[in-house]
Amino acid sequence: MAEEVRWFKTHCARMDHGGCSLLVGVRDREIVQIKGDPDGYLNRGYTCYKGRVSADRLSHPDRLRHPLRRAGKRGEGKWERISWEEALDETARNLMRIREEHGARAVGFGVGMPKGLEHFVLIRLANLFGSPNVIASQDVCHAPREITGVHTCGFYPVADLHNPTRLVLSWASNLLATSEEGQIASLLLEQVKNGAGLIVVDPRRTELAQRADLWLQLRPGTAQALALGFLHVIIEEGLHDREFVEKYTYGFEDLSSHVKTYTPEAVAEITWVPADLIRRAARLYAEARPAALQWGNAIEHDIHAFDATRSLVCLMAICGNLEVPGGNINAHDPKIMGLAEFVRADLIPDKRSQMISAHHGVIPRLMTVAPAFFRKAVLEGTPYPVRGYYGMCTNPLVAWAESPLTYDAFNSLDFVAVADLFMTPTAAMADIVLPVAHQYEMNDIGHYGIGHGMILARPKIVDPPPECWPDMKIMNELGKRVSSSEYWPEDHEAFLDDLVRPAGLTYAQFVEKGCLKGPDRFRSYIEKGFRTPTGKVELKLSTAAKFKLKPLPDFVALPEDEDADFPLTLTSAKSRYYLLSSYRWVAKLREKRPHPLVEIHPETALSLGIRDGDTVVIETRYGSIQQVARLTDMVHPRVVSAALGWWFPEGDAASQFDWRKSNFNMLTSIGKLGKEFGTPNIKNIPCRVRRES
Ligand SMILES: Nc1nc2c(c(=O)[nH]1)N[C@H]1C(S)=C(S)[C@@H](COP(=O)(O)OP(=O)(O)OC[C@H]3O[C@@H](n4cnc5c(=O)[nH]c(N)nc54)[C@H](O)[C@@H]3O)O[C@H]1N2
Ligand SMILES: Nc1nc2c(c(=O)[nH]1)N[C@H]1C(S)=C(S)[C@@H](COP(=O)(O)OP(=O)(O)OC[C@H]3O[C@@H](n4cnc5c(=O)[nH]c(N)nc54)[C@H](O)[C@@H]3O)O[C@H]1N2
Ligand code: SF4
Ligand SMILES: [Mo]
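Residues numbered from 1 in each chain as written. Chains lettered and ligands numbered in written order. Predicted model: local features only at pLDDT ≥ 70, side-chain atom pairs only at ≥ 80, totals over all residues. Heavy atoms only, no water.

Participant: I tried to follow the overall build of the chain on my own but got confused; where do I start?
Facilitator: Broken down by element type, the chain carries 25 helices and 29 strands. Computed over the C-alpha atoms, the radius of gyration of the chain is 24 Å, within 12% of the 26 Å expected from 2.2 N^0.38 for a compact globule of 693 residues. Along the first, second and third principal axes, the C-alpha set of the chain runs to 70 × 65 × 60 Å. Put simply, the chain has 693 residues, and 63% of those count as buried. Taking as baseline every contact in the chain between residues at least 6 positions apart, the subset at least 24 positions apart corresponds to 74%. Taken as a whole, the chain presents about 25400 Å² of accessible surface, with 48% of it coming from carbon and sulfur. A gap of 1 Å separates the mean positions of the 83 positive and 86 negative side-chain charges of the chain. (Helix = DSSP H or I, 4+ residues; strand = E, 2+ residues; numbered from the N terminus. Rg over C-alpha atoms; globule rule 2.2 N^0.38 Å. Buried < 20%, exposed > 50% of the residue type's maximum accessible area, 1.4 Å probe, protein only. Contact = heavy atoms within 4.5 Å. Areas by Shrake-Rupley, 256 points an atom, 1.4 Å probe, with all protein chains shown as cover. Lys, Arg positive; Asp, Glu negative; His and termini not counted. Charge placed at Lys NZ, Arg CZ, Asp CG, Glu CD.)

Dropping the structure here:
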């Protein structure tokens, strides 16, 4: 007789930034159902489709189940099965050989979107190995918001969707599809249900835009111009919070005169948003106190990311929305082990000056290496040669701008090891491939170290396949081989206990609680000021000259020049069914989105002879790919929005699963980079589209 279903609590992970509290039903050691936990701190019972089918990641017949060693030439798709001893010894031997020949910094340690605690164990591994080079997608993901926030107001201002707000200004954020940053879609919907106003700034008429009081259909790549237009209206009309501005900001006079030229009329020309709509939106935002500015990823996707994020922090500040409930807050961590201690930053004191990025003069506090700089080091030896790579939780061949360069870089490295749960285009370029245990199969902690003011327990629910190891265990064993073993615990799960010990808990006790939240602290600036050099919000940066930064946010130009040969603007948004390049092999997700879809306005399509469902070629100056046309008036006639992250797991490893065919990053280039973060233009690119003949 079949066993009864037993229910366990955990938190969703590795499908987006995660955070929904889940009830997981298990029968005969298999997960049979997943539903939302009504007690969940972030989600109160909510889940999305991909969360509910997330256990299907574990059961695919082609999942990696054994360590593999490359058998043929690199990238030829030929493998032999090896033992864990062999895999770890061989990886260690190669990394140490490179360290001997070229120095520790010649090995890059790669991560992708932070998925769990292994992210920080990897930084620790790099530090203990002696390499300052952790390669991450921070150039296009969160560093611009976090670090600009810290430079401007001393912290990373996140929208407070837990306390009642009067208005949400959703700016380049698509929470209903992405639930990013622990800002679960349901939190936003709840605010709207309770009467909060909603303004959406997005080039696409998203589901959220359809619910908004005002929708500003922005021309892609002009966010900072629009924000400067808001500042103009608010300051000209005296709608700013005078008391706050006077007591707690630095450089208001300069900002005021600086934004004089950004009249709604001037800004309308740049942004395509009608001047009246700019006025109305700016007034609504300024008058609704508190208002939460939910800023999204798209403002970090071109070379002007610094200006865009700076202008938005200035907007929050002059309207008095910083550090107030229902505004944009400093999410304080609970009492847990600090990041520097966890990653043993003390062991690599000269990291900042030694890392590849130092050569490129990036903004202080950016402690990972942008993929563009990593590849320059590999391919050109600038500023010094890099010859080895250990990567996990990432798929650079598809995720990084200018994919062909990534291919060349991986091809030219002396040694590459990749840990993943599936053979990806990047794993197919490795010398050693390591199979991982995944969510539900290992004990983990979520949201550590990423400024959300909480950590979430993700206890193990079922056993992994016998030879699939958690990344943390892999690195713990590798760490013992490549660095002094005293820094590595006997059992990797000690990391989990170490982390929560300052809270007076063991990991098991933390799991009972499920969530640890930091203290709510609002308006602490009244007593302590802001943690900037002037002690105030720096509308004008006092450190600008010292750090070679722009003192005031500006709109200088579109990210790429207009180009008559490429008359449309290419943008993108994340898919609600996939996590960037991941999980195309999960059948229940793939059937929802079997093909990469490019959104084209019906009028534009008509003029180009394109029908819904046609295969089309999308071209930029840098490359061309194929996707399937989806005709929709949710995009502007002059804008097309293509799908991200595509490769075809059903294809052949010897051709890296057709990674060139539909992959957005074949269309992008690292020719131009933002100075502060090394950000390339991965959106807002001139393009053209035609029917595939
Ligand atoms: N053009 C363009 N490029 C972009 C973006 C864009 O919007 N446009 N977005 C950028 C952003 S914001 C980000 S964060 C990056 C994301 O870039 P990545 O993080 O590199 O991409 P993902 O697809 O999230 O994850 C990559 C791999 O992690 C594996 N994985 C999942 N869970 C685990 C695990 O537990 N262990 C291990 N070892 N592997 C695991 C998946 O199978 C997948 O192969 O891409 C960036 N690239
Ligand atoms: N389902 C799903 N969820 C995810 C992810 C995923 O891949 N899939 N990825 C995770 C990751 S790594 C991240 S960083 C977050 C990102 O989550 P979000 O911040 O929501 O980011 P995006 O979906 O990239 O873009 C958000 C919106 O910006 C709009 N946009 C495009 N170009 C521009 C522009 O030039 N200006 C403005 N103002 N808006 C523009 C797009 O139309 C889109 O609706 O999501 C996380 N959650
Ligand atoms: S919204 Fe994110 S965290 Fe919640 S169920 Fe979906 S994938 Fe999981
Ligand atoms: Mo991201």
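Participant: Teacher, can you tell me more about the site of ligand 1 here?
Facilitator: In the neighbourhood of ligand 1, 32 residues make up the surrounding shell, with Arg 14, Thr 394, Ala 399, Asp 420 and Asp 471 lying closest. Lys 115 places a side-chain nitrogen or oxygen 3.1 Å from an oxygen atom of ligand 1. The separation between an oxygen atom of ligand 1 and a polar side-chain atom of Ser 581 is 2.8 Å. Relative to its unbound accessible surface of 920 Å², ligand 1 loses 98% to contact with the protein. Looking at the shell around ligand 1, its residues break down into 15 nonpolar, 11 polar and six charged. (Near = heavy atom within 4 Å. Polar contact = N/O pair within 3.5 Å; in protein donor to acceptor, adjacent residues only side chain to side chain. Nonpolar A, V, L, I, M, F, W, Y, C, P; charged D, E, K, R; others polar.)

Participant: Quick question: what am I supposed to make of the sheet that holds strand S18 (residues 444-446) here?
Facilitator: Taken in spatial order, the three strands make up an open sheet running S18-S19-S20, and their pairing is antiparallel. Sheet topology places S18 and strand S20 (515-517) at the edges, where each strand pairs with a single neighbour. Strand after strand, the sheet turns through a mean of 20 degrees between neighbouring axes, direction not considered. Sheet topology note: the strand S19 (residues 454-458)/S20 ladder contains three bridges and is antiparallel. Looking across to S20, one finds that Ile 455 is bridged to Leu 516. (Pairing = 2+ DSSP bridges. Axes fitted to C-alpha atoms, helices over the stretch in contact; angles between N-to-C directions.)

Participant: Explain the environment of Ser 662 to me, please; I cannot follow it from the model alone.
Facilitator: Mapped onto the elements, Ser 662 comes out in the loop between strand S26 (639-642) and strand S27 (669-673). You can call Ser 662 buried: its relative accessible area is 2%. Sequence separation between Ser 662 and Gly 504 is 158 residues; the distance between their C-alpha atoms is 50 Å. In contact with Ser 662, not counting residues within four places along its chain, are Pro 596, Ile 625, Gln 626, Gln 627, Ala 643, Trp 646 and Phe 648. A polar side-chain atom of Ser 662 sits 2.7 Å from the main-chain carbonyl oxygen of Gln 626.

Participant: Is there a simple way to think about the pattern of salt bridges in this case?
Facilitator: Here the idea is simple: oppositely charged side chains can pair when their charged atoms come close. Here the structure, examined in full by the defined rule, presents 44 salt bridges. A salt bridge links Lys 460 to Asp 463; the shortest N-O distance between them is 3.0 Å. Connected through salt bridges with shared partners, the residues Arg 14, Glu 118, Asp 444 and Arg 458 form a single ionic network. (Salt bridge = Lys/Arg side-chain N within 4 Å of Asp/Glu carboxyl O.)

Participant: I'm lost on the site of ligand 3 in this one. Help?
Facilitator: Contacts to ligand 3 come from Cys 12, Met 15, Asp 16, Gly 18, Gly 19, Cys 20, Thr 47, Cys 48, Lys 50, Gly 51 and Ser 179. Classifying every residue of the shell around ligand 3 gives four nonpolar, five polar and two charged.

Participant: What's the story with unusual backbone geometry in this structure? I'm lost.
Facilitator: For residues other than glycine, phi is negative in most cases, and the peptide bonds are mostly trans. With an omega dihedral of 5 degrees, the bond running from Arg 289 to Pro 290 counts as a cis peptide bond. Note the cis peptide between Thr 382 and Pro 383, where omega equals -5 degrees. You can see Pro 383 is positioned in the loop between helix H16 (371-380) and strand S15 (388-392). Here the phi dihedral of Arg 14 falls at roughly 65 degrees; this positive angle occurs in a residue that is not glycine. By the secondary structure assignment, Arg 14 is in the loop between strand S1 (6-11) and strand S2 (21-27). Arg 14 sits in the buried class, given a relative accessible area of 2%. In this model, Glu 402 sits at a positive phi of 55 degrees, which is unusual for a non-glycine residue. Residue placement: Glu 402 occurs in the loop between helix H17 (396-399) and helix H18 (403-412).

Participant: Is there a simple way to think about the sheet that holds strand S16 (residues 415-420) in this case?
Facilitator: Across a sheet, paired strands are connected by hydrogen bonds in the backbone, their directions being either parallel or antiparallel. Within the open sheet, the seven strands sit side by side as S5-S4-S17-S16-S15-S6-S7. Their pairing is mixed. Lying at the two open borders of the sheet, with one neighbouring strand each, are strand S5 (79-81) and strand S7 (134-135). Judged from the two bridges that link them, strand S4 (residues 68-70) and strand S17 (residues 432-435) form a sheet pairing that is antiparallel. Bridge assignment links Leu 68 to a residue of S17, and that residue is Val 433.

Participant: Would you explain the side chain of Glu 180 in this entry?
Facilitator: Here Glu 180 is to be found in the loop between helix H5 (175-178) and helix H6 (185-193). By relative accessible area, which is 8% here, Glu 180 ends up buried. Sequence-distant contacts of Glu 180, defined by excluding residues within four places in its chain, comprise His 17, His 142, Arg 145, Leu 175, Gln 294, Trp 295 and Gly 296.

Participant: Explain the packing of helix H3 (residues 118-129) against helix H19 (residues 471-482) here, please?
Facilitator: Orientation of H3 relative to H19, taken along the N-to-C sense of each, is 10 degrees, at an axis distance of 10 Å. It follows from the interaxial angle that H3 and H19 lie roughly parallel. Across the interface between the two elements, Glu 118, Val 121, Leu 122, Leu 125 and Phe 129 from H3 touch Asp 471, Met 472, Met 475, Leu 478, Gly 479 and Val 482 from H19. Among the residues making up the contact of H3 with H19, the classes are represented as eight nonpolar, one polar and two charged. (Parallel < 35°, antiparallel > 145°, perpendicular 65-115°, else oblique.)

Participant: In this structure, what is going on with the packing of aromatic side chains? I would like to understand it.
Facilitator: Two measures describe an aromatic ring pair: the distance that separates the ring centres and the angle between the ring planes. Tallied over the full model, the rule gives 25 aromatic pairs. Relative to Tyr 525, the ring of Tyr 248 lies with its centre 4.6 Å away and its plane at 65 degrees, an arrangement referred to as edge-to-face. With a gap of 277 residues between them, Tyr 248 in helix H9 (residues 242-248) and Tyr 525 in helix H22 (residues 525-528) connect regions that are remote in the sequence. In this structure Tyr 525 comes out as buried when scored by relative accessible area, which is 5%. When the ring of Phe 374 is compared with that of Trp 400, the centres are 5.9 Å apart and the planes differ by 80 degrees; the resulting orientation is edge-to-face. On the criterion of sequence distance, the pair formed by Phe 374 in helix H16 and Trp 400 in the loop between H17 and H18 is long-range, its members being 26 residues apart. With a relative accessible area of 0%, Phe 374 lands in the buried category. (Phe/Tyr/Trp six-rings, centres within 6.5 Å; stacked < 30°, edge-to-face > 60°.)

Participant: I keep staring at H6 and nothing clicks. Help me out?
Facilitator: Residue pairs three or four apart in sequence face the same way in an α-helix, which turns once every 3.6 residues. Within the sequence span of H6, burial applies to Ala 185, Ser 186, Leu 187, Leu 188 and Gln 191. For H6, the elements touching its buried residues are strand S9 (167-171), H5 and helix H7 (207-211). Just downstream of H6, Gly 195 is the residue with a positive phi angle, here 105 degrees.

Participant: Can you walk me through the domain arrangement of the chain in this structure?
Facilitator: Note: interface size is frequently given as the accessible area lost on complex formation between the parts. Domains assigned within the chain are domain 1 (143-331) and domain 2 (568-691). Distance from the C-alpha centre of domain 1 to the C-alpha centre of domain 2: 28 Å. On the domain 2 side, the residues contacting the 25 residues of domain 1 number 24 residues. For the pair domain 1 and domain 2, the summed buried area comes to about 2200 Å², and 57% of that belongs to carbon and sulfur atoms. At the junction of domain 1 and domain 2, the tally comes to three salt bridges. Salt-bridge contacts for Glu 599 lead to Arg 204; the nearest nitrogen and oxygen are separated by 2.9 Å. On inspection of domain 1 and its partner domain 2, the count reaches 10 residue pairs in polar contact (both at pLDDT 80 or more). (Domains from an automatic or database assignment. Buried area = accessible area lost by both parts, 1.4 Å probe.)

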